[in-house]
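# Coordinate inspection notes
Each chain is listed here by its residues.
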Amino acid sequence: MDDRSSLVARAERLRPILANNARQGAADRRVAESSIAALAEAGLFKVMLPRRYGGYEAGVRTSLDVMAAVAYGDGAAGWVVSLVNHSAWDIGLCPTRVQDEVFGADPDTRVCGSLAPVGTAVAVEGGVRLSGRWGYVSGSLHAQWAVLGFNLVDETGAVIEGAVAPVPAADYTVSDTWFTAGMRGSGSNTLSAEDVFVPWHRVVLRARLDAGDYPTEHKDEITYRSGFYPTHTMGLIGPLLGLGRAALDHVLDAAGTKRVAGTVFRRQADSAGLQMLLGDAALLIDTAHLHAYRAADDLDDHAARGEQPSFPARARVRADASRAAGQVVDAITILLNVHGSGGFVDSSPLQRIWQDANVAARHVSLLPGISSEVYGKALLGLPNDVVLSL
């Protein structure tokens, strides 16, 4: 069995425990520790970890399928596993010395992160002094390191250039700020650092990452040649695909016995109108997968060739991801129309799926208007003057 099939099968075997813990995870605003332990034991935090540290070094397509399989049981758990894996992928781009610092002593180390350049750092002897406050850091309650984005500034506070660096948990604090309508279990809290010393060898300039000029010495590791921002964008889609499939299966399972109140139909499955809606929802979810797979395969193909995707290619990845997210949300809306008001009771997984998908799909990298504008500019041969990273 290849890695993809094996990892997906492991995730599927965890569905009962993930699903059983999902409601409590949403109430606690963190993935249950028993779910985290099961995911770790199954090796699912190591999907994108270098093989040199016992990982699977998986590409974007494999990651999509694995994260979807996790999210089928619990969307928040799928989101956390996906973003932790993509932060581990960030470490795989760094020099070996940095990788050893993070994973060498403990390959089970988990990494969270925020690439937003909201921190500031000033150069000092041997490194930088970093301060900042980073919001929406998914998986921060379960991580031992964080990859943080910041701007290097001069003595006047003027920005010199952007950078990222991994920081150990001992050097930052986690504030309990995650109070949301959906994805509550992701525990996407706020990290704060105050005048923390970061040695130069951990600092990677953002311009190098955007250009695909990664400092890793292991140039033969295909996974760590993928386009930087597009790979992170695709990390948001796997969980949404899993949520869509979970919603569809739940409604299909109920349709054979659930009445349509106020009608002659003793079963939803007997209504032609509801049959058509189910077909529409299933096609939307299928189409979301097709868009996501096209984008993932494109990134994996570029990485295999050792090439960075062009602006039009990167724009299409973003557009594919955005469209896939919107189609999943639209499908879940249809499915709730089919299932009826019972899908909104607290005990129903459908209401949590609906909340999680709607919050996840509003990630800034998936906003449809922005994504379509960028893709349209690429199609017309116009420069990107819309987003700071693509």
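Just above sits the structure.
Residues numbered from 1 in each chain as written. Predicted model: local features only at pLDDT ≥ 70, side-chain atom pairs only at ≥ 80, totals over all residues. Heavy atoms only, no water.

### Thoughts on helix H9 (residues 237-255)
- Helix length check: H9 (19 residues) gives 27 Å between terminal C-alpha atoms against 27 Å at 1.5 Å per residue, within 8%.
- With 14 of 19 residues buried, H9 lies mostly within the body of the structure. (Helix = DSSP H or I, 4+ residues; strand = E, 2+ residues; numbered from the N terminus. Expected span 1.5 Å × (residues − 1). Buried < 20%, exposed > 50% of the residue type's maximum accessible area, 1.4 Å probe, protein only.)

### Observations regarding the sheet that holds strand E4 (residues 159-168)
- Taken together, the 7 strands give an open sheet; going across it, the order is E5-E6-E2-E1-E3-E4-E7, and neighbouring strands pair in mixed fashion. Edge positions in the sheet fall to strand E5 (173-175) and strand E7 (204-205), since each of these pairs with one other strand and no more.
- By the bridge criterion, 2 bridges tie E4 to E7 in an arrangement that is antiparallel. Directly across from Val164, in E7, lies its bridge partner Val204.
- Its contacts with the sheet put helix H5 (residues 75-92) on strand E1 (111-124), strand E3 (145-153) and E4, and the angle it makes with E1 is roughly 40 degrees. (Pairing = 2+ DSSP bridges. Contact = heavy atoms within 4.5 Å. Axes fitted to C-alpha atoms, helices over the stretch in contact; angles between N-to-C directions.)

### As for unusual backbone geometry
- Phi angles above zero are rare outside glycine, and Arg29 is one such case at about 60 degrees.
- Structurally, Arg29 is set in the loop between helix H2 (15-28) and helix H3 (33-41).
- For Met183, which is not glycine, the phi dihedral falls at a positive 50 degrees.
- With respect to the helices and strands, Met183 occurs in the loop between E5 and strand E6 (189-199).
- Residue classification places Met183 among the buried positions, given a relative accessible area of 2%.

### Structural notes on the pattern of salt bridges
- Going through the model one piece at a time under the given rule, you end up with 19 salt bridges.
- The partner of Arg245 in a salt bridge is Asp286, with the nearest N and O atoms 3.1 Å apart. Of this pair, Arg245 sits in helix H9 while Asp286 sits in helix H10 (residues 272-305), and the two are 41 residues apart along the sequence.
- Here Arg245 falls in the partly exposed class, since its relative accessible area comes to 27%.
- Put simply, Asp270 and Arg267 hold a salt bridge, and the shortest N to O gap is 2.8 Å.
- The structure contains a network of salt bridges with shared partners spanning Arg61, Asp65 and Asp297. (Salt bridge = Lys/Arg side-chain N within 4 Å of Asp/Glu carboxyl O.)

### A short note on the pairing of E1
- Relative to E3, E1 runs parallel, the two sharing 7 bridges. Note that in E3 the partner of Val111 across the bridge is Trp145.
- Both E1 and strand E2 (residues 127-137) contribute to a ladder of 5 bridges, which runs antiparallel. Within the sheet, the bridge partner assigned to Val122 lies in E2 and is Arg129.
- Where E1 folds back on E2, the antiparallel hairpin that results is connected by 2 residues, among which Gly126 adopts a positive phi of roughly 85 degrees.

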